[in-house]
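Fold and contact review
Here is how the chains run, residue by residue.
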Amino acid sequence: MPAALGCHTKLEKGVVSDQANRYFSPIERDVIEHSFIQMPRIIQGPGKRGKLSPQHATTSEVSVIRFCDRYGLGYMKGTSGFLLNQFIIDEKGSIQFHFQNTEMSDFQTEMETLKRQIMGMGEKYVPVTMPEGDENIYITFFKKKVHIGYRKCLSDLQIDKIKEMFKADFALKEHHSECGQIQATIEIISDFRGISILAAKSAINTLAFIKGKEYIINTDDFCPIRSAIFSDNDKILNYVSGISPQAVPEMRRSLHLTDDQQACILVSKGKKLSAWVIFYDFCFVVDLCNTLTEPFDKIMDGIVCDWKKSTDYLYTEYLQHIGIVI
């Protein structure tokens, strides 16, 4: 399961090819940062690569922030919202610099740093869609990228004009810090194909960890789902389905999982092998095979990720650990 969700268990080196890693990396990053998994990961954790310390807590992408009846660019970290240093260009072409004061920074240095980032950004920047009716342009720098907020797409000519504006020398006459309640608007992209690929990949990798890679590659049983995972169409949706979020708490209780744990449980019934992949408040059923040549030798097994304790268990060992099975 993804390290970004706190899992530490890895397959042996060489089991997953470099080509597969290159294929999955952008899909996983997009699901983790933009799908409906994004919000519980930001609020609950864990942070980057499963780290639990506050400085490594997960942050959202740059989003629309509303503060004191005005808009701006900022991000969420845990349950808190943060404004970013940013330039705001109004419809008359006037420039303001909004500075978030810290002990380690001064406004003139921060302003000059952001100016250099804008002038050197080339043609690449991250667009942020601002609310309709807001004619301002917002520009900030976050996670090594320039972000520009506007209510619609900016043309290349408009971007060139913006960069020209920041070549001029200008000084800030006054500055002040503000505090108060921040309202953040986080955009969530409901990409069920991407999250289905992530769930299916987690299921296949969990199976390989428990049974060995030969169990998968020395048979044609798993060729259909492997093909669907790498397909450029929506074929994977024939193998993955979602369970109603209202049913997930009861499923967790029946599996003896806590609310903080992620899990991938393999379920065997005759020649049918499925996986229940549980991330936060969501559960996905992955149909791995309906005609197993070599039956799975257990009714249930899998991986339980107890990320708050930085511990992973085999499901059968986990049941022993909590005293359900002796």
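Relevant structure appears above.
Residues numbered from 1 in each chain as written. Predicted model: local features only at pLDDT ≥ 70, side-chain atom pairs only at ≥ 80, totals over all residues. Heavy atoms only, no water.

Structural notes on the overall build of the protein
In plain terms, the rule: Here a strand is any run of E in DSSP of at least two residues, a helix any run of H or I of at least four, and the numbering for each starts at the N terminus. Each residue is assigned to one of three classes by its accessible area relative to the maximum for its type, calculated with a 1.4 Å probe on protein chains only: buried under 20%, partly exposed between the two thresholds, exposed over 50%. Any two residues whose heavy atoms approach within 4.5 Å are treated as being in contact. Areas reported here follow the Shrake-Rupley algorithm with a probe of radius 1.4 Å; residue values treat only the protein chains shown as occluding. The charge count treats Lys and Arg as positive and Asp and Glu as negative. His and the chain ends do not count. Every charge is mapped to an atom, namely NZ of Lys, CZ of Arg, CG of Asp or CD of Glu.
Helix and strand content of the protein: nine helices and 15 strands. Projected onto the principal axes, the alpha-carbon positions of the protein cover approximately 75 × 40 × 35 Å. Per-residue burial over the protein gives 43% buried out of 326 residues. Across the protein, the fraction of contacts at a sequence separation of at least 24, relative to all contacts at a separation of at least 6, is 62%. For the protein, the accessible area works out to roughly 17900 Å², and carbon and sulfur atoms hold 51% of it. For the protein, the distance from the average position of its 38 positive side-chain charges to the average position of its 41 negative side-chain charges is 3 Å.

Observations regarding the sheet that holds strand 8 (residues 145–150)
Applied cut-off: Here, any two strands with at least 2 DSSP bridges between them count as paired. Orientation is described by axes fitted as lines to C-alpha atoms, over the contacting stretch for helices, and by angles from 0 to 180 degrees between their N-to-C directions.
Taking strand neighbours across the sheet as the criterion, the five strands line up as 5-4-7-8-6 in an open arrangement whose pairing is mixed. Strand pairing shows two members of the sheet lacking a second neighbour, strand 5 (95–98) and strand 6 (126–129), which therefore form its edges. Each strand of the sheet is rotated relative to its neighbour by a mean of 25 degrees, with strand direction disregarded. In this structure, strand 4 (residues 86–89) lies alongside strand 5, joined through four bridges in antiparallel fashion.

As for the sheet that holds strand 12 (residues 272–279)
Taken in spatial order, the six strands line up as 10-13-12-11-14-15 in an open sheet, and their pairing is antiparallel. Where the open sheet ends on each side, the last strands, each with one partner, are strand 10 (240–243) and strand 15 (311–314). With strand direction ignored, the average angle separating the axes of adjacent strands in the sheet is 15 degrees. Here strand 10 pairs with strand 13 (residues 282–289) via four bridges, running antiparallel.

Quick notes on helix 3 (residues 107–119)
Applied cut-off: What a helix is expected to span follows from its residue count: subtract one and scale by 1.5 Å. The arc in question is the one traced by the directions running from the helix axis out to the C-beta atoms.
In this model, helix 3 (13 residues) spans 18 Å end to end at C-alpha, consistent with the 18 Å of a helix rising 1.5 Å per residue. For helix 3, the full list of buried residues reads Phe107, Met111, Leu114, Lys115 and Ile118. One side of helix 3 carries all its buried residues, which in axial view fall inside an arc of 105 degrees. The inward-facing, buried residues of helix 3 contact strand 4, strand 5, strand 7 (137–142), strand 8 and helix 4 (156–165).

Topic: the pattern of salt bridges
Opposite charge on two side chains permits pairing when their charged atoms draw close. This is how it is decided: One speaks of a salt bridge when a side-chain nitrogen belonging to Lys or Arg is within 4 Å of a carboxyl oxygen belonging to Asp or Glu.
In this structure the tally under the stated criterion is 11 salt bridges. The salt bridge partner of Glu135 is Arg151, with a shortest N-O separation of 3.0 Å. With Glu135 in the loop between strand 6 and strand 7 and Arg151 in the loop between strand 8 and helix 4, this residue pair connects regions lying 16 residues apart in the sequence. Residue classification places Glu135 among the partly exposed residues on the basis of a relative accessible area of 28%. The salt bridge involving Asp297 is made with Lys211; its shortest N-O contact spans 3.5 Å. Pair noted here: Asp297 is in the loop between strand 13 and strand 14 (300–306) and Lys211 is in helix 5 (residues 192–211), with a separation of 86 residues, a long-range link. Judged by its relative accessible area of 57%, Asp297 is exposed.

A word on the side chain of Asp306
For Asp306, the position within the fold is in strand 14. Residues contacting Asp306, with those up to four places away along its chain left out, are Gln261, Thr311, Asp312 and Tyr313.

Regarding the nonpolar core
Worth spelling out the cut-off: Note on terminology: a nonpolar core comprises buried Ala, Val, Leu, Ile, Met, Phe, Trp, Tyr and Cys residues joined through side-chain atoms within 4.5 Å.
Judged by nonpolar contacts, the single largest core of 44 residues is most densely connected at Phe222, Ile225, Ile236, Phe279, Val286 and Leu288. Mapped by element, the contributors of at least two residues to this core are helix 1 (18–34), helix 5, helix 6 (213–217), helix 7 (223–229), strand 11 (262–269), strand 12, strand 13 and strand 14. With nine residues, helix 5 is the single largest residue contributor to this core. What Ile225 contacts, discounting residues up to four positions off in sequence, is Ala200, Ile204, Ile236, Tyr239, Val286, Asp287 and Leu288. In terms of nonpolar packing, the next biggest core, distinct from the first, is built from 18 residues, Ile89, Phe107, Ile137 and Ile139 among them.

Quick word on the packing of aromatic side chains
For the record, the criterion: Stacked, edge-to-face and tilted are the three classes for Phe, Tyr and Trp ring pairs, Trp counted by its six-membered ring, which pair at centre distances within 6.5 Å; planes under 30 degrees apart are stacked, over 60 edge-to-face, the rest tilted.
The final tally for this structure, using the stated rule, is 13 aromatic pairs. Seen in terms of ring centroids, Tyr23 and Phe24 are 5.3 Å apart; in terms of plane orientation they differ by 75 degrees. Their pairing is edge-to-face. Accessibility expressed as a relative area gives 23% for Tyr23, which makes it partly exposed. Residue classification places Phe24 among the buried positions, given a relative accessible area of 8%. With a centroid separation of 4.8 Å and 45 degrees between ring planes, the pair formed by Phe36 and Phe282 is classed as tilted. Taken together, the residues span a long stretch of sequence, with Phe36 in the loop between helix 1 and helix 2 (38–44) and Phe282 in strand 13 at a distance of 246 residues.

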